[in-house]
Amino acid sequence: MKIEKNTVVRFHYDLYDQADGKKIETSKEGDPVAFLFGHNNVIKGLEEAMVDKNAGDAFDVEVPPYKGYGLRHDNSTQRVPLKHLVIDKKAKLKPGMVVNIQTDRGQKQATVIKAGKFNVDVDTNHPFAGKMLKFAVEVIDVREATAEEVAHGHAHGVGGHQH
């Protein structure tokens, strides 16, 4: 089955920073990622590269910032009360550490600039913003989405959204 709108795609990936070639993330240590294709559930450059691929296909794709995590914005710093961070309370916050912040729109990733006793200063740019990225992708399987998945706008089950 080809990847097309309203199919559920499960895939593994290795993510590299094109500037230095270093691997910065992988999915291979867990379950494959599952997403509902055609519903903006993964970055644009990755979804575009998957069009018409099949289970078993492996490919590399370079993703520029405007099709990935966006450009970096200067002055995107914010002071956040520690109570809004989604972290292990025993964790020692250090500059450069990526944290999740609970917002009224769900969780958002940010990078610690400076940690204090009650607040933390963070850079709210996505950690991969402004980076030219390379994904090495292996499509594990492709199936038709259920009516419920299409209605909800995301894949269900392992690697997808759990209800």
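Before going into details, it helps to say that this report is about the structure given with it. (Residues numbered from 1 in each chain as written. Predicted model: local features only at pLDDT ≥ 70, side-chain atom pairs only at ≥ 80, totals over all residues. Heavy atoms only, no water.)

Below, the discussion takes up the overall build of the chain. Within the chain, the regular secondary structure consists of 2 helices and 10 strands. On the principal axes, the C-alpha backbone points of the chain span a range of 55 × 40 × 25 Å. Looking at the chain as a whole, 36% of its 163 residues qualify as buried. Put simply, of all contacts in the chain between residues at least 6 apart along the chain, 61% involve residues at least 24 apart. Within the structure as shown, the chain displays about 9800 Å² of accessible surface, and the carbon and sulfur contribution to it stands at 48%. The positive charge centre, built from 23 side chains, and the negative charge centre, built from 23, are 10 Å apart in the chain. (Helix = DSSP H or I, 4+ residues; strand = E, 2+ residues; numbered from the N terminus. Buried < 20%, exposed > 50% of the residue type's maximum accessible area, 1.4 Å probe, protein only. Contact = heavy atoms within 4.5 Å. Areas by Shrake-Rupley, 256 points an atom, 1.4 Å probe, with all protein chains shown as cover. Lys, Arg positive; Asp, Glu negative; His and termini not counted. Charge placed at Lys NZ, Arg CZ, Asp CG, Glu CD.)

With that settled, the discussion passes to unusual backbone geometry. Despite not being glycine, Asn-40 has its phi angle at roughly 55 degrees, a positive value. Along the polypeptide, Asn-40 turns up in the loop between strand E3 (33-36) and helix H1 (44-50). Residue Asn-40 is classed as exposed on the basis of its relative accessible area, which comes to 68%. Here the phi dihedral of Asp-52 falls at roughly 65 degrees; this positive angle occurs in a residue that is not glycine. Judged by its relative accessible area of 42%, Asp-52 is partly exposed.

Let us look at the sheet that holds strand E8 (residues 106-115). With antiparallel pairing, 5 strands are arranged side by side in an open sheet as E5-E9-E8-E7-E6. The two strands at the open ends of the sheet, each matched to only one other strand, are strand E5 (77-81) and strand E6 (85-86). In this sheet, strand E7 (residues 98-103) lies alongside E6 in antiparallel orientation, the contact comprising 2 bridges. Following the sheet pairing, Val-86 is matched in E7 by Asn-100. (Pairing = 2+ DSSP bridges.)

A separate point is the nonpolar core. Val-9, Phe-11, Leu-46, Met-50, Phe-135 and Val-137 are the most contacted members of the largest nonpolar core, which has 21 residues in total. Where this core is concerned, the elements lending two or more residues are strand E1 (7-17), H1, strand E4 (58-63) and strand E10 (133-144). Element by element, the count of residues in this core is highest for E10, at 5 residues. Contact partners of Val-137, with chain neighbours within four places excluded, come to Phe-11, His-12, Tyr-13, Leu-46, Met-50, Asp-57, Ala-58 and Phe-59. (Core = buried A, V, L, I, M, F, W, Y, C linked by side-chain atoms within 4.5 Å.)

This part is about the side chain of Asp-14. Structurally, Asp-14 is set in strand E1. Take Asp-14: its relative accessible area is 8%, and that puts it in the buried class. A polar contact of 2.6 Å, which involves the side chain of Asp-14, links it to the side chain of Thr-26. Here Asp-14 is in contact with Lys-23, Glu-25, Thr-26, Lys-28, Lys-134, Phe-135 and Ala-136, once residues within four sequence places are set aside. (Polar contact = N/O pair within 3.5 Å; in protein donor to acceptor, adjacent residues only side chain to side chain.)

This brings us to the pattern of salt bridges. Counting across every chain of the model gives 9 salt bridges. The residue Glu-48 makes a salt bridge to Lys-67 at a minimum N-O spacing of 2.7 Å. Taken as a pair, Glu-48 in helix H1 and Lys-67 in the loop between E4 and E5 lie far apart in primary sequence, 19 residues in all. Assessed through its relative accessible area of 38%, Glu-48 is described here as partly exposed. For Lys-67, a relative accessible area of 22% puts it in the partly exposed group. (Salt bridge = Lys/Arg side-chain N within 4 Å of Asp/Glu carboxyl O.)

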